[in-house]
Amino acid sequence: MRIHLQNPADDPLFDFSRAMWDAAASLAPDIGIGHSVSLGATPDEFAAAMRDAEALVTDASVIRALFPCEAPRLKLIFLTVAGLDGLAPFTWLPPGVVLMNNRGAHAVKSGEFAIMSILMLANRIPAMVTHQRAGTWRKLWGSAAGGRAVTVVGLGTLGGATAEHAARFGMRVTGVRANPAPHPSCERVIGPDALDEALPGTDILVLACPLTASTRGFIDRRRLWLLPHGAGMVNIGRGGLLDQDALCDLLDDGHLSGAVLDVFTPEPIPPGHRLWSTPNLIISPHTAADDPATYNPRSLDIFLDNLRAWRDGKKLPNRFDTGRGY
């Protein structure tokens, strides 16, 4: 197959290299060997490759910058990002071309970030940081994680890893997903329509679901007020899942004890935005799930798994449904 890897224009930490491809191919020689593979970084290199490329592996920023384009032989697009809401509507996608994401590449890093955030909230670290910035000596006491009630919205790669870590710490985990089938790390799994009943008993709420038409604004002001006084929250999903102003209000008045956010609306956060000065809030600039040392190698492993399924006429594990939004 004719495969092209296009690097983003301004993100060198996440560039593909020939050595990276060769390493991935050597780990899966049944599907990785024998292809015609090119790498590009400029618009001219992209245009030249698209004349005969059958598969494209690239970043979402390349799609925004260079699509639609002439790609007469293109069959597969594999994007090194899990959430593709920022690329909707998908009118840029050539007819008949299969779109894939790299769901699965984020599990280790995002799971560790989420449990770190949960432990920070349990130990009042966001409030301590606020006091530190103000030069205020004020003793705060946290509590052990075991026995805390954690509600995780979304049990895919991010949420599943979060639930697994939380369960290891002895936390009582409630999972929320569209199909409320049991999950091995959750005491119970409920559907979205039952969330209101779970929130009053939730110590820490974690958002880890994709942003779709049905989840946009899912955690609004009313639902935030359903959380008990002193609860905390983590968002590693998408900024659009959450009413940010309502969250800031509830942090300002002390109803919520703290929050750790990795995603925002908009991104980057503009200078002077109230998020920068909201107390008891830790800001991570959308870096929770990505490890430059492993991200591209893991993405290539996932791509080759899907390419094998394509070759064998099987269902592609990472095929993205533009209608559902995940």
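One can find the structure itself at the top, above this paragraph.
Remember, predicted model here, so these are calculated numbers, not experimental data. (Residues numbered from 1 in each chain as written. Predicted model: local features only at pLDDT ≥ 70, side-chain atom pairs only at ≥ 80, totals over all residues. Heavy atoms only, no water.)

## So, the side chain of Ser299
Point 1. For Ser299, the position within the fold is in helix α11 (residues 295-311).
Point 2. For Ser299, a relative accessible area of 0% puts it in the buried group.
Point 3. Discounting residues that sit within four places of it in the chain, Ser299 has contacts with Phe78, Thr80, Asn102 and Ala105. (Helix = DSSP H or I, 4+ residues; strand = E, 2+ residues; numbered from the N terminus. Buried < 20%, exposed > 50% of the residue type's maximum accessible area, 1.4 Å probe, protein only. Contact = heavy atoms within 4.5 Å.)

## Concerning the pattern of salt bridges
Where charged atoms from two side chains of opposite charge approach closely, those side chains can pair.
Point 1. On inspection of all chains with the given rule, the structure shows 16 salt bridges.
Point 2. Residue Asp249 pairs with Arg274 through a salt bridge whose shortest N-O separation is 2.8 Å. Note that Asp249 is positioned in helix α10 (residues 244-252) and Arg274 in the loop between β11 (256-261) and β12 (281-283), a separation of 25 residues in sequence.
Point 3. As a salt-bridge pair, Asp305 and Arg308 come within 3.2 Å of each other at their nearest N and O atoms. You can see Asp305 and its partner Arg308 sitting in helix α11, three residues apart, about one turn around the helix.
Point 4. On the accessibility criterion, Asp305 (37% relative accessible area) is partly exposed.
Point 5. It is possible to trace a salt-bridge network through shared partners that takes in Asp30, Asp305, Arg308, Arg311 and Asp312. (Salt bridge = Lys/Arg side-chain N within 4 Å of Asp/Glu carboxyl O.)

## Details of the nonpolar core
Point 1. Judged by nonpolar contacts, the single largest core of 30 residues is most densely connected at Leu224 and Leu247.
Point 2. For this core, the secondary-structure elements that each account for two or more residues are α8 (195-198), β9 (204-207), β10 (231-235), α10 and β11.
Point 3. Every residue in contact with Leu247, bar those within four places of it in the chain, is listed here: Leu224, Met233, Leu242, Leu256, Ala259 and Leu261.
Point 4. Counting 25 residues, the second-largest nonpolar core is a separate cluster that includes Leu121, Cys186, Val234 and Ala288. (Core = buried A, V, L, I, M, F, W, Y, C linked by side-chain atoms within 4.5 Å.)

## Concerning the environment of Tyr326
Point 1. With respect to the helices, strands and loops of the structure, Tyr326 is situated in the segment after α11.
Point 2. Remark: the alpha-carbon pair of Tyr326 and Val260, spanning 66 residues in sequence, is separated by 24 Å.
Point 3. When sequence neighbours within four positions are dropped, the list of residues in contact with Tyr326 reads Pro210, Thr212, Phe320 and Asp321.

Treat this as a map of the structure, not an account of what it does.
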